[in-house]
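Chain by chain, the residues:
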Amino acid sequence: MRRRDLLLAGGATALSISAWPWKAALADDQPKRKVLMFTRSAGFEHGAIREKDGEMGHAQNVFTDLGKKHNFDVVSTKDGRIFDEDLDQFDAFLFYTTGDLTQEKKGEKPPMSAEGKQKFLDAVAGGKGFVATH
């Protein structure tokens, strides 16, 4: 097994274990939880999140599959403008990112604005879940 595959499998296992408290709350008659997976890289972009031909990267696919298995929806994006929108729609945030996410990077999706960053920090301080990976 390649190191990258081992790390992704370990990360996916950790995420599924960390999601276990949701399981009881996510019976079929309960609304699904919703997680924002933010994958913008202001620095080096890891291959696991690199999108090719409009297809999600490996890490996004793994986490989306976990969501299907454990009854939560995943919204995956590299576009920092999402933090200027209504963050109340998300129960948790998963970041697979590098660098200063408020900085422009030529040829990349727009960065997180200063206001969006503050909205995100306020959401986490207010009780939203947050997982950071690298």
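Residues take numbers from 1 onward in each chain, read along the sequence in its written order. Thresholds applied to this predicted model are a pLDDT of at least 70 for local features of residues and 80 or more for the giving and counting of side-chain atom pairs; totals over whole chains, interfaces and linings are not thresholded and use all residues. Computation of side-chain values: all heavy atoms of the structure, hydrogens and water removed.

Peer 1: How should I be thinking about the overall build of the protein in this particular structure?
Peer 2: Helix numbers and strand numbers start at the N terminus; a helix is a DSSP run of H or I with at least 4 residues, a strand a run of E with at least 2. Secondary structure summary: the protein contains four helices and four strands in total. Walking the protein from its N terminus toward its C terminus, one meets helices and strands in the order α-α-β-α-β-β-α-β. With a 1.4 Å probe rolled over the protein chains alone, any residue whose accessible area is under 20% of its type maximum counts as buried; one over 50% counts as exposed, and the rest are partly exposed. Looking at the protein as a whole, 34% of its 134 residues qualify as buried. Using a 1.4 Å probe, accessible areas were evaluated by the Shrake-Rupley method; residue-level cover was limited to the displayed protein chains. For the protein, the computed accessible surface area is about 8,100 Å², with 52% contributed by carbon and sulfur atoms.

Peer 1: Looking at this structure, I do not really get the pattern of salt bridges. What am I missing?
Peer 2: Side-chain pairs of opposite charge can arise where the charged atoms are in close proximity. Here, a salt bridge means any side-chain nitrogen of Lys or Arg that lies within 4 Å of a carboxyl oxygen of Asp or Glu. Inspection of the entire model under this criterion finds two salt bridges. For K32, the salt bridge is made with D73, and the minimal N-O distance between the two is 3.4 Å. With K32 in the loop between α2 (20–25) and β1 (33–38) and D73 in strand β2 (residues 72–77), this pair connects stretches of sequence that are 41 residues apart. Among the residues examined, K32 registers a relative accessible area of 45% and is labelled partly exposed. Two residues, D79 and R81, come together in a salt bridge whose shortest N-O distance is 2.7 Å.

Peer 1: In this structure, what is going on with the packing of aromatic side chains? I would like to understand it.
Peer 2: The geometry of an aromatic ring pair is captured by two quantities: the separation of the ring centres and the angle between the planes. Whether two aromatic rings pair depends on their centres lying within 6.5 Å, for rings of Phe, Tyr and Trp, where Trp uses its six-membered ring; planes under 30 degrees apart make the pair stacked, over 60 edge-to-face, and the rest tilted. For the structure on display, the rule yields 11 aromatic pairs. Considering the side-chain rings of F63 and F72, the 5.4 Å spacing of their centres and the 50 degrees angle between planes classify their relative orientation as tilted. Summarising the aromatic geometry, the rings of F93 and F120 are spaced 5.2 Å apart at their centres and angled 90 degrees between planes, so their arrangement reads as edge-to-face. Linking F93 in strand β3 (residues 92–96) with F120 in helix α4 (residues 114–125), this pair joins segments that are 27 residues apart in sequence. Taken as a pair, F93 and F120 share a single burial class, namely buried. Grouped by ring-pair contacts, the aromatic residues F38, F83, F90, F93, F95, F120 and F130 constitute a single cluster.

Peer 1: Would you take a moment to explain α4 for this structure?
Peer 2: Residues lying three or four places apart along an α-helix face the same way, a consequence of the helix completing one turn every 3.6 residues. A helix is expected to span 1.5 Å for every residue after the first. Here α4 spans 16 Å end to end across 12 residues, near enough to the 16 Å set by a 1.5 Å rise per residue. Buried within α4 are the following residues: G116, F120 and A123. End-on view of α4: buried residues confined to an arc of 60 degrees, all on one side of the axis. In α4, those exposed residues whose orientation departs by more than 90 degrees from the buried face are A114, E115 and A125. Those residues of α4 hidden inside the fold are in contact with β3 and β4 (129–133). Arc, as used here, means the arc of the directions from the helix axis to the C-beta atoms. Two residues form a contact once any of their heavy atoms are found within 4.5 Å.

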